[in-house]
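One-letter residues, chain by chain:
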Amino acid sequence: MSLADRVRLDATSAALGRLAGRALDFLLPPRCLGCGERVDRQGGLCAACWAPLRFLRPPWCERCGWPLPGDAPGPQLCPACQGRPPAWERGRAALAYDEASRGLVLRFKHAERPEAAATFARWMAAAGRDLLAGADLLVPVPLHRWRLLRRGYNQAGLLAREIARLEGVPWSPSILRRRRATASQQGLGAAARRANVTATAFAVPERRREAIAGRRIVLVDDVLTTGATLGACARVLREAGCARVDVLVLARVVKPTVVPI
Ligand SMILES: [Zn+2]
Ligand SMILES: [Zn+2]
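All figures in this text were calculated on a predicted structure; none of them were measured in a lab.

1. Let's talk about the overall build of the chain
No. 1: Within the chain, the secondary structure is distributed over 11 helices and six strands.
No. 2: The burial tally for the chain puts 48% of its 261 residues in the buried class.
No. 3: For the chain, long-range pairs separated by at least 24 residues make up 73% of all intrachain contacts whose partners lie at least 6 apart in sequence.
No. 4: Of the roughly 13,100 Å² of accessible surface on the chain, a fraction of 56% belongs to carbon and sulfur atoms.

Shown next, in the form of structure tokens:
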């Protein structure tokens, strides 16, 4: 299937999804994505779950989206990126990954609230406005197919699909493949994560290389922790010939001391 076919198919399924959403409102009253309380629309949050969320805004690190103090003009880099720049060009995150957002993100990750993708995509599109303006293609970080079968969907794919629908940028789930199942990242330290996600974990199939040659790609994922997974994906994409790789995530880990209060 060509990329254009995929996009058309996706537009059709999105339209059906919207219809289904309206039908759902009659059958199931909308519930808060955080706590399950009644709210006034599907995909909404109650005031108690909404208020403590930390939406990230500039100034932030141009490379990784880390919130920075001050308001110096022009792109700035955090100390980590000055010392060891990531494999991608620019990075943005919509939310701080903290006590307030963790439950929201995990429920989405573990397939309890897949309908949250539309809400999260709106937040991500706002945070990644400048990245998306110049993007040719959105590429979600893939799950290994065994894990995909178990879970039923790839949360990064759902986010990429919804952002694509909102912003009119094509997306493709077939650009990156996981070559082997990596152990779950949960509970691993930074060094163990890097060892777990080696460059060999991802590949661009030979027949998909033409689709990304010279293209500006935005990699999409749910959470940025150490950046090991996104870095491995970015390296593989660059080696396969794309022009640039930016990164857009729903939430990123931040040190509480760095986040402006
Ligand atoms: Zn709530
Ligand atoms: Zn940085």
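After presenting the structure, the write-up continues.
2. Let's talk about the pairing of strand 2 (residues 137-140)
No. 1: Judged by which residues are buried, strand 2 turns out to be covered on both faces: Leu137 and Val139 on one side and Leu138 and Pro140 on the other are all buried.
No. 2: Note that strand 2 and strand 5 (residues 216-224) share four bridges and pair parallel. Looking across to strand 5, one finds that Val139 is bridged to Leu219.

3. Observations concerning the coordination of the zinc ion (ligand 2)
No. 1: Within the protein, Cys61 (SG), Cys64 (SG), Cys78 (SG) and Cys81 (SG) serve as the donor atoms for the zinc ion (ligand 2), at 2.2 to 2.3 Å.
No. 2: Given four donor atoms and angles of 106 to 113 degrees at the metal, the environment of the zinc ion (ligand 2) is assigned as tetrahedral.
No. 3: All donors to the zinc ion (ligand 2) come from one chain, and their sequence spacing reads C-x2-C-x13-C-x2-C.
No. 4: Residue classification places Cys61 among the buried positions, given a relative accessible area of 0%.

4. Observations regarding the confidence of the model for the chain
No. 1: For the chain, per-residue confidence averages 86 on the pLDDT scale, and residues scoring 70 or more make up 80% of the total.
No. 2: The least confident element of the chain is helix 1 (residues 3-27), whose mean pLDDT is 61; the most confident is strand 2, at 98.
No. 3: A low-confidence stretch, residues 257-261 (pLDDT under 50), is modelled with six contacts involving residues beyond four sequence positions or located in other chains.

5. A few points about the pairing of strand 5
No. 1: Within strand 5, eight of the nine residues are buried, which leaves it mostly tucked inside the rest of the structure.
No. 2: Traced from strand 5 through helix 11 (residues 228-239) to strand 6 (residues 244-253), the parallel crossover comes out right-handed.

6. Side note on unusual backbone geometry
No. 1: In this structure, Pro59 follows Pro58 across a cis peptide bond, with omega equal to 5 degrees.
No. 2: Within the fold, Pro59 resides in the loop between helix 2 (47-50) and helix 3 (79-83).

7. Focus: the packing of helix 5 (residues 116-127) against helix 8 (residues 155-167)
No. 1: Packing of helix 5 against helix 8 brings their axes to within 8 Å, and their N-to-C directions diverge by 65 degrees. In this structure, the crossing between helix 5 and helix 8 has a hand that is right-handed. In contact with Ala117, Ala118, Phe120, Ala121, Arg122, Met124 and Ala125 of helix 5, helix 8 contributes Leu158, Leu159, Glu162, Ile163, Leu166 and Glu167.
No. 2: A per-class count over the contact of helix 5 with helix 8 returns 10 nonpolar, no polar and three charged.

What counts and what doesn't
- Residues numbered from 1 in each chain as written.
- Chains lettered and ligands numbered in written order.
- Predicted model: local features only at pLDDT ≥ 70, side-chain atom pairs only at ≥ 80, totals over all residues.
- Heavy atoms only, no water.
- Helix = DSSP H or I, 4+ residues; strand = E, 2+ residues; numbered from the N terminus.
- Buried < 20%, exposed > 50% of the residue type's maximum accessible area, 1.4 Å probe, protein only.
- Contact = heavy atoms within 4.5 Å.
- Areas by Shrake-Rupley, 256 points an atom, 1.4 Å probe, with all protein chains shown as cover.
- Pairing = 2+ DSSP bridges.
- Donors = N, O, S within 2.8 Å, 3.2 Å for Na, K, Ca; no water.
- Tetrahedral: all angles 85-135°; square planar, octahedral: opposite > 155°, others 65-115°.
- pLDDT = per-residue confidence, 0-100.
- Right-handed = clockwise from strand over helix to strand, strands pointing away.
- Axes fitted to C-alpha atoms, helices over the stretch in contact; angles between N-to-C directions.
- Left-handed = near helix turned anticlockwise from the far one by under 90°.
- Nonpolar A, V, L, I, M, F, W, Y, C, P; charged D, E, K, R; others polar.

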